[in-house]
Amino acid sequence: MTLERAVLTSVLRMTKDGYAQIEEISLDARVPAQIVYRIMRKNSEKGIVKFEGKTVVMNDEQRLKVAIQAIELGADLEHVCKLLEWNEFEDFSALAFENADFSVKKHLRFKHLEKWLEIDILALKNPIVASVDCKHWHKSWRKSSITKIVENQINRTQALAEASPLLYEKIGILKWREAKFIPIILSLIPSDFKFYRDVPIVPILQLRNFLNEMPAYIESLMHFSKKFLS
């Protein structure tokens, strides 16, 4: 377990460009190449990494899987997350929405009541406007932390809904007759809470399943409905 944790942590550190050689990982992890090879082969069979000869090849999703696997093996959460680029988390999230037929806008900034606000990811599929806050990592997913994170996202989403009649084009809802603005929290790893105030807290690797199931229970989620003049 300790060796595998060290190897996976090194894989994250060495594959920021998308690939690394077994020898490079071996030197960085201070683990014999033969053991690195064995660990990579095992994780390749699980679909966590892609292994080609003596080269480990990684995309954003695989790097997220390696990060989660390392954390489950006892690696320090903060340290592991510092090895992930912020854009990897956001890009994977955006791709999951796009694969579910949403159009996506990242880092939407808007002004409401003289205050500038920003939403990490805005995903749209008529009549849904998913307002997403990406949490790269969080040391302690305690209830007090969850409360603050969710309340802030509710406030941003409500502000966006209220400002939406002036932001048709910027948001991308120019011809919509109505919209349901839904706050969502995305986390790297699962928390003890799946919902707070009917706001879903979704682990990143479960996002695709969540989006497939969301239409069935959308009315039970926290949302702000807005009707527009035709």
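Residues numbered from 1 in each chain as written. Predicted model: local features only at pLDDT ≥ 70, side-chain atom pairs only at ≥ 80, totals over all residues. Heavy atoms only, no water.

Asks: Looking at this model, I keep getting lost on the packing of helix α1 (residues 2–14) against helix α4 (residues 60–72). Mind explaining?
Replies: Helices that pack against each other are described as a pair by the angle of their axes relative to one another and the distance between those axes. Two numbers describe how α1 lies on α4: the axes approach to 9 Å, and their chain directions differ by 150°. The orientation of α1 relative to α4 falls into the category roughly antiparallel. The two elements α1 and α4 meet at a crossing, and its hand is left-handed. Where α1 abuts α4, its residues Glu-4, Arg-5, Leu-8, Thr-9, Val-11 and Leu-12 lie against Arg-63, Val-66, Ala-67, Gln-69 and Ala-70. (Axes fitted to C-alpha atoms, helices over the stretch in contact; angles between N-to-C directions. Helix = DSSP H or I, 4+ residues; strand = E, 2+ residues; numbered from the N terminus. Parallel < 35°, antiparallel > 145°, perpendicular 65-115°, else oblique. Left-handed = near helix turned anticlockwise from the far one by under 90°. Contact = heavy atoms within 4.5 Å.)

Asks: Looking at this model, I keep getting lost on the pattern of salt bridges. Mind explaining?
Replies: Side-chain pairing between opposite charges can occur once the charged atoms of the two side chains come close. The final tally for this structure, using the stated rule, is 14 salt bridges. Two residues, Arg-13 and Asp-28, come together in a salt bridge whose shortest N-O distance is 3.0 Å. Here Arg-13, found in helix α1, pairs with Asp-28, found in helix α2 (residues 22–29); they are 15 residues apart in sequence, far enough to count as distant. Where Lys-180 meets Glu-219, a salt bridge forms, and the shortest distance between an N and an O atom there is 3.3 Å. Pair noted here: Lys-180 is in strand β7 (residues 178–187) and Glu-219 is in the loop between α9 (207–213) and β10 (224–227), with a separation of 39 residues, a long-range link. For Lys-180, a relative accessible area of 14% puts it in the buried group. Overlapping salt bridges bring together Glu-61, Lys-65 and Arg-208 as one network. (Salt bridge = Lys/Arg side-chain N within 4 Å of Asp/Glu carboxyl O. Buried < 20%, exposed > 50% of the residue type's maximum accessible area, 1.4 Å probe, protein only.)

Asks: How should α2 be read in this particular structure?
Replies: Because an α-helix completes one turn every 3.6 residues, residues spaced three or four positions apart along the sequence face the same direction. Along α2, the residues classified as buried are Ile-22, Ile-25, Ser-26 and Ala-29. One side of α2 holds all its buried residues, which, seen down the axis, span an arc of 100°. Away from the buried face of α2 by more than 90 degrees, exposed residues Glu-23 and Leu-27 are located. Along its buried surface, α2 packs onto α1, β1 (19–21), α3 (33–45), β2 (50–52) and β3 (55–57). After α2 finishes, the residue Arg-30 shows a positive phi value of roughly 60°. (Arc of directions from axis to C-beta.)

Asks: I tried to follow the pairing of strand β9 (residues 199–203) on my own but got confused; where do I start?
Replies: Walk down a regular strand and you will see the side chains alternate between the two sheet faces. Counting buried residues along β9, five of its five residues qualify, which places the element largely inside the surrounding structure. Across the two faces of β9 the burial is the same, with Val-199, Ile-201 and Pro-203 and Pro-200 and Val-202 all buried. Pairing geometry for β7 and β9, over three bridges, is parallel. Of the residues in β9, the one forming a bridge with Ser-187 is Pro-203. Relative to β9, strand β8 (residues 195–196) is paired through two bridges, and the arrangement is antiparallel. Counterpart to Tyr-196 in the pairing with β9 is Val-199. (Pairing = 2+ DSSP bridges.)

Asks: I'm lost on the side chain of Thr-157 in this one. Help?
Replies: Here Thr-157 is to be found in helix α7 (residues 143–163). For Thr-157, a relative accessible area of 0% corresponds to the buried category. Sequence-distant contacts of Thr-157, that is, excluding residues within four places in its chain, are made with Ser-131, Phe-181, Ile-182, Pro-183 and Phe-224.

Asks: Before we go on, may I ask you to explain the packing of aromatic side chains in this structure?
Replies: Each aromatic ring pair is characterised by the separation of its centres together with the angle its planes make. Summed over all chains, the structure comprises four aromatic pairs. Ring geometry for Tyr-37 and Phe-51: centres 5.0 Å apart, planes at 65°, overall edge-to-face. With Tyr-37 in helix α3 and Phe-51 in strand β2, this residue pair connects regions lying 14 residues apart in the sequence. Relative accessible area serves as the criterion here: at 17%, Phe-51 is assigned to the buried category. Pairing Tyr-168 with Phe-228 gives two aromatic rings, centres 5.2 Å apart and planes at 80°, and the pair type is edge-to-face. Of this pair, Tyr-168 sits in helix α8 (residues 168–171) while Phe-228 sits in the segment after β10, and the two are 60 residues apart along the sequence. (Phe/Tyr/Trp six-rings, centres within 6.5 Å; stacked < 30°, edge-to-face > 60°.)

Asks: Just to check I follow, could you spell out the sheet that holds β1 for this structure?
Replies: Within a beta sheet, neighbouring strands are joined by backbone hydrogen bonds and run either parallel or antiparallel to one another. Overall, antiparallel pairing links the three strands, which are arranged β1-β3-β2 in an open sheet. Strand pairing shows two members of the sheet lacking a second neighbour, β1 and β2, which therefore form its edges. For this sheet the average axis-to-axis angle between neighbouring strands, irrespective of direction, equals 25°. The pairing of β1 with β3 spans three bridges and is classified as antiparallel. Each residue of the ladder has a partner; that of Tyr-19, found in β3, is Val-57.

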